[in-house]
Amino acid sequence: MHSMKLKLIYPEEKIKEPILSKVCKNFNIDINIRKANVQEKIGWLELEFIGDEVEIEKAMNFLVENGIEVLPIEGQVFIE
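Read on for a plain summary of the structure. (Residues numbered from 1 in each chain as written. Predicted model: local features only at pLDDT ≥ 70, side-chain atom pairs only at ≥ 80, totals over all residues. Heavy atoms only, no water.)

Things to note about the packing of aromatic side chains
Tallying each qualifying case throughout the model produces one aromatic pair. A cation over an aromatic ring shows up here: Lys7 above the ring of Trp44, its NZ or CZ 4.7 Å from the ring centre. (Phe/Tyr/Trp six-rings, centres within 6.5 Å; stacked < 30°, edge-to-face > 60°. Lys NZ or Arg CZ within 6 Å of the ring centre and 35° of its normal.)

Here's what the structure looks like:
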């Protein structure tokens, strides 16, 4: 099982979309939200994806394809 900490940055036009909910439904990963700041024009989340490395990669690609900036939090990849 892998764990990866990420920062997601949402542009204004994506803040109201349930994109993270879609990630939970479409990919076999668990999500642990660590920090968040959502305002009217921008939002960001620091979270941890937990699961199979392939599923984490698919979820990250899905987010990028949907206009979310995905930044790994350096030094935070864990393998159990």
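Examining helix H2 (residues 53-65)
Taking 1.5 Å of rise per residue, 13 residues should cover 18 Å, and H2 covers 18 Å from first to last C-alpha, within 8% of that figure. Along H2, the residues classified as buried are Glu55, Ile56, Ala59, Met60, Phe62 and Leu63. Seen end-on, H2 carries its buried residues on one side only, within an arc spanning 155 degrees. At the N-terminal end of H2, a side-chain oxygen is found 3.1 Å from the backbone nitrogen of Val54, two or three residues along, and the residue is Asp52. Looking one or two places after H2, you find Gly67, whose phi comes out positive at around 85 degrees. (Helix = DSSP H or I, 4+ residues; strand = E, 2+ residues; numbered from the N terminus. Expected span 1.5 Å × (residues − 1). Buried < 20%, exposed > 50% of the residue type's maximum accessible area, 1.4 Å probe, protein only. Arc of directions from axis to C-beta. Polar contact = N/O pair within 3.5 Å; in protein donor to acceptor, adjacent residues only side chain to side chain.)

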